[in-house]
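Observations on the model geometry
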Amino acid sequence: MFGDLFEEDFSFISNNHCGKGKKSKPRDSEPPAPRDFTNLSGIKNQGGTCYLNSLLQTLLFTPEFREALFSLGPEELGTLDDSSKPDAKVRIIPLQLQRLFAQLLLLDQQAASTTDLTESFGWNSNEEMRQHDVQELNRILFSALETSLVGTSGHDLINRLYHGIVVNQIVCKECKNISERQEDFLDLTVAVKGVAGLEEALWNMYVEEEYFENENLYRCGACDKLVEASKSAKLRKLPPFLTISLLRFNFDFEKCERYKETSCYTFPIQINLRPFCEQTEMDDSEYMYELFSVIIHKGGCYGGHYHVYIRDVDELGNWQLQEEEDRLIEDKALRDTENAKEVENPLAVLKGILSEEESKQIPVDQLGQKLLEKKGVSWNKKYRKQYGALRKYLQNHPQTFQFSPDENKVGLKEKHKLLFKSASQEQDFQRPPQKNDVHWNSEKKPTRLRDSSAGCHWFDLNDSKVQPIKEKDIEKQFQGKESAYMLFYRKSQLKRPPEARGNPRYQIPEHLLNEMNAANTELQKKRAECDSANHGIDLRLHLSSCYKFHNGALHPSLTWKENVVDLTIDRRKTLGDLRQSVFQKLESWEGDMILSIAKPLPAGLHLYQILDGDELTLDGIGLADGADIFVWNGKEVGGTKVMTGPDHEPVVINVLRLAEYNEGGKGQHFTESQHVFSCSTKLSDLRRALAPSGGIILKNGSGPDKEAKNWEVFLEGDMKETVKSVGLTDGCSVLILDSHDQSFVNVSSGNLTAFTYDISWLQVKNFCRTEDEEKHVKITATIETVMSDIKMKAIRELQLEEELANDSCLRPVSGNGKLLSPVPEDYTVKEAELKMGSLLGLCHGKAPTSTQLFLYFIVGSDQNTSPEMEIVVEETASVKEGFLKIPIWWFKSSSHMKRGENTPDQVNGMTCKMDALQVSPAGDSPEYIHTDMDLCYAGSIEIAGEASLEDLKMQAMTLPCCQEQIVPLPSFLRAWTVDSKRPGKLLRNNKQQLNDYKLGARVEICIEPLQKEERLGPDELLLRVQMGIPGERDYYDSTDLVWDISKECTTWALRQRVASHYCLPVDKIEIAKYFPEKFEWLPISSWTQQISKRKRKKKQESLQSAPYHLKDGDIIGVKNLLLDDTKDFSTVRDDVGKEKQRQLALEKKKSRQAERLQDHVFSEEKLNIKHRKPEVALSINVGVFR
Ligand SMILES: [Zn+2]
């Protein structure tokens, strides 16, 4: 019923108790730790199995149990080796238990594992591994063992050791007829609630009689009427091992909840069971039992931890040593403090005196006398002032002291008597009047009965941890949250054979001894290997003959690897040993050999101290694993004297200079170069080496971050400093500014005034031609500078009239000198997408506003000769009823562009974009589309819904952009909807009305010019196939492929179509569909996956369904396996695209997380509510013969 009562709650247990949360888990390769000084093995916790561990240790330290188990040989149990054989009869549970016991006794490891055993129980899931009640486990385990041993000589093992009988009797007062009922038990369950201890509980159960009288009469079978009767119970048969389960867990019916009884419950080390037995005439020794195991439960009702105190009866563990140490420490402590304290505390003093008394009570005045005798002080002198009269004091502590009825004598209460176990105790218990004159005091002749080791060899076995304890530590477990839960007594008569003492091998069968010996040998070997591995250090020897000294450091003349000789050596060896090893490694070495510590620095290899003192250990001189050692003559390398030590460390300094415009490519406004200086170089020398006269040096303290505020000018006073003293280290940047670059420096503060990173130039050329000469000027700007500011600066620099500002605009100049459309005044450099360093023309006229459209147009028919005109028109948005306003894009596939037909240069492309930006009816995300294909905004048309697709194409042909192309007929045009800035749906029927296409209000159309006419039928799919370039991650230009899918739209058919298109055998190609929005390629089947022709037709799905969703315009990548065996379809562009997507997703995630933070504060509270898992009954599965 309390199946799930003890679900392990780790929250209040320190980590090492239950094995969870250990920080330094040993690596798998490392052998398990050996036993500690106790020489006993713990058991690992599998995550909630401490209850099992406690019981297993108790059984192990029941020598009679383990020996009975060991006596069962393979002829009865089978062997574990056969356990996988289907027909073999293997009793796997007792076999695993034997093996575990052998490991616990003999294997030199700190803790054994129970996984094999729990597996044999059929416990595989976490559910089954969860904490259960140890009392329940005890019964289930015994039952499983009994079942497992049926038909063997061990069939009665459990019964032999644990079976007892209780007899219940009802005696009729009239006819004296006795009605009797027997009960078997393997353990006795005793009440805790309202009971002071074990003896009282047993007294209530087996001594007290219950009477049937008055209203409550008994029906006697013999008299055949209701009679007065007495009911009693007695122990009829005592087992050799008596297991007591304490009922600490109860149910409070008022509160309707479980609770743990934490009140004090004493139990003796030795107990005489005679008073509770039916037969009482035997010798005392027949009734004496000794405590040898206490399973302790720590925690509350719904969680906890088990550990066990066990008396090591055979003295297998090393207990004495620790005990001795304890005693020494204790004695010292006693001398130092305890003594003084004890004198201070009258309670302890009085308890001490009373506990030493032979008689249970002594007269109060005699107690005062004894105090004076033993401690040398009288009560009145020492304590009266503080504590009052002695008698009063004793009365004030009724929980400790007990008075005789006449209040003349005083003694200790029973529980304190137990705490101060005395050599001889007389009848001393607060019991109701005794019946039958039975002396049930178990401590009557304790000294005679207990052997010399009594009180010794107790251990606390707590999962992996085993610690020696003192017998009196058991008393701590009488009460509280951590308290005794199961008690195990053994009959005192059971004596251990002398040869078993201190001999863990005793009675273990040969095959297990051999197995453990082999396992220990293996463990020792592993530990030895591990030890030498732990002490071995790898050194790297660099030979001076392979090095050259230049640019401030040593550089290998060969590759790095060839210069290094690896050497592994035990760190406990001396430097002399090392030197010897180096000599052996380098047979050809001649002359002095100096070993210097070397370090690879960014500038190269640098040398530090010379290793000296051949008698010192490598560990002692601090030689670490992986250290670099330079082997040389101590003076020079390749004829160059080498400066060593930290004062001469070479430092690589990153030297930045402002770039000429656009010199460093996009976004690079510095040129960078690396220079090496010794860290002792003076700054003045550094400046001389780097800067022209009049130049200054700035230091960046923050590494790669080149923000203005981080730059700091080295002042004249700093010039005496060294590279090291001003904090210039490897990778530090200095900025060199020429005299004319210094306008950004606020010399008084030493800081830059602008974000250096962004500073660059734009050039402005005067196109207003107010003067004869065309002048152009450099205008410094950042990407955030607004165009109108650039214009004003330019006007000033060009020394033009300020009024010109009202009638001028800036227009980018393309590479071939063409003036492009003006940049709006309120745009920043960034918004205008101007490259740093690019040229702008200052022109007459006004820049368009955001609602205006800047158009080029040509008057006349000859494109080449007619002058291009420009016009700014106001964009209007009125559309007639029943008309669609459709933005038209001009589609140029990349293949056309590559061939150079009408290739727009980038700046022209931008012009298109800017126009589109101003007129885009959608108004959202106006982005220039540049994928493999280019969409160029051509303008918008207004067209009736009834018009046909052909009409739309005709009208589109009139747009200026389209006129550049020679398009003879609408059938030379393909029309696509625009979907996510890509061609979407192909509109194939020229005669169909636009309304029937259901294009929607916000449709955009792109028009693709063709080299020849095209009339696609409804069953013809238009694909763009592109052949991979062998050996490269790229493709040749795509070509259009029309594929008839009226018969079959399968993998097989497509492969055939593509193969025939390229005139390749169908088994020599590999094809994949491209998903441009994901930058991914999905291979379309592969040759090896081909299925037979008959099956294929039925099973293969159309490519138009998932996962390919093949549609018009899809890109199909093709690999020619004859030339290219890589099956990777992706391109470098895909990698870039994916990385960008990943970054975007990451940013999105971050911002979402930030949003959620608030919500989390609330939801966390909910999470803290602990939900108890449903109870699971504990069971051990015993298979047939297992
Ligand atoms: Zn009767």
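Report on the accompanying structure. Keep in mind the model is a prediction, meaning the values are calculated, not measured. (Residues numbered from 1 in each chain as written. Predicted model: local features only at pLDDT ≥ 70, side-chain atom pairs only at ≥ 80, totals over all residues. Heavy atoms only, no water.)

Secondary structure assignment for the chain yields 30 helices and 53 strands. In the chain, buried positions account for 47% of the 1186 residues. Partitioning the contacts of the chain with sequence separation of at least 6, the portion at a separation of at least 24 is 70%. (Helix = DSSP H or I, 4+ residues; strand = E, 2+ residues; numbered from the N terminus. Buried < 20%, exposed > 50% of the residue type's maximum accessible area, 1.4 Å probe, protein only. Contact = heavy atoms within 4.5 Å.)

What follows is about the environment of Cys264. Looking at the secondary structure, you find Cys264 in the loop between β12 (257-260) and β13 (270-272). By relative accessible area, Cys264 is classed as buried at 17%. Cys264 sits 212 residues away from Lys476 along the chain, and the two C-alpha atoms are 9.9 Å apart.

This next bit is on the coordination of the zinc ion. Every protein donor of the zinc ion is accounted for by Cys172 (SG), Cys175 (SG), Cys220 (SG) and Cys223 (SG), and the metal-donor separations fall at 2.1 to 2.3 Å. Relative to the metal, the four donor atoms surrounding the zinc ion lie at angles of 103 to 114°, and the coordination shape comes out tetrahedral. Between consecutive donor residues of the zinc ion, the sequence gaps follow C-x2-C-x44-C-x2-C. Of this pair, Cys175 sits in the loop between β3 (164-172) and β4 (178-185) while Cys223 sits in the loop between β7 (218-220) and β8 (225-227), and the two are 48 residues apart along the sequence. Note on Cys223: relative accessible area 24%, which makes it partly exposed. (Donors = N, O, S within 2.8 Å, 3.2 Å for Na, K, Ca; no water. Tetrahedral: all angles 85-135°; square planar, octahedral: opposite > 155°, others 65-115°.)

Now for the packing of helix α3 (residues 63-70) against helix α5 (residues 92-106). A pair of packed helices can be characterised by two numbers: the angle between their axes and the separation between those axes. Orientation of α3 relative to α5, taken along the N-to-C sense of each, is 125°, at an axis distance of 10 Å. Judged by the angle between their axes, α3 and α5 are oblique. Of the two elements, α3 crosses α5, and the hand of that crossing is left-handed. Side by side, α3 and α5 meet where Phe65, Arg66, Leu69 and Phe70 of the first sit next to Pro94, Leu97, Gln98, Phe101, Ala102 and Leu105 of the second. (Axes fitted to C-alpha atoms, helices over the stretch in contact; angles between N-to-C directions. Parallel < 35°, antiparallel > 145°, perpendicular 65-115°, else oblique. Left-handed = near helix turned anticlockwise from the far one by under 90°.)

Every buried residue of helix α28 (residues 1051-1061) is accounted for by Thr1051, Trp1052, Ala1053, Leu1054, Arg1055, Val1058 and Ala1059. Cys1063 sits one or two residues past α28 and shows a positive phi near 55°.

For the rest of this paragraph, the subject is the pattern of salt bridges. What the rule picks out here adds up to 45 salt bridges. Note that Lys476 is salt-bridged to Asp473, the shortest N-O span being 3.0 Å. Residue class for Lys476 comes out exposed when judged on its relative accessible area of 56%. For Glu1080, the salt bridge identified is with Lys1138, shortest N-O distance 3.8 Å. (Salt bridge = Lys/Arg side-chain N within 4 Å of Asp/Glu carboxyl O.)

Time to look at the sheet that holds strand β17 (residues 401-403). Paired through backbone hydrogen bonds, the strands of a sheet run either parallel or antiparallel to each other. Read across the sheet, three strands follow the order β16-β18-β17 without closing on themselves; strand pairing throughout is antiparallel. Either end of the sheet is taken by a strand with one partner, and the two such strands are β16 (361-363) and β17. Ignoring which end each strand starts from, the neighbouring axes of this sheet average 35° apart. Where β17 lies against strand β18 (residues 409-412), three bridges are found, and the strand directions are antiparallel. Looking at the pairing, Phe403 lines up with Val410 of β18. On top of the sheet, helix α12 (residues 346-355) reaches β16, β17 and β18; it is set at about 95° to β18, its chief contact. (Pairing = 2+ DSSP bridges.)

Phi is positive for Asn39, which is not a glycine, with a value near 60°. Tracing the sequence through the fold places Asn39 in the loop between α1 (15-18) and β1 (42-43). Note on Asn39: relative accessible area 43%, which makes it partly exposed. Of note, Asp463 is a non-glycine position whose phi angle comes to about 50°, a positive value. In this fold, Asp463 is placed in the loop between β19 (458-462) and β20 (465-469). Owing to a relative accessible area of 5%, Asp463 belongs among the buried residues under this scheme.

Read these as spatial facts, not as claims about activity.
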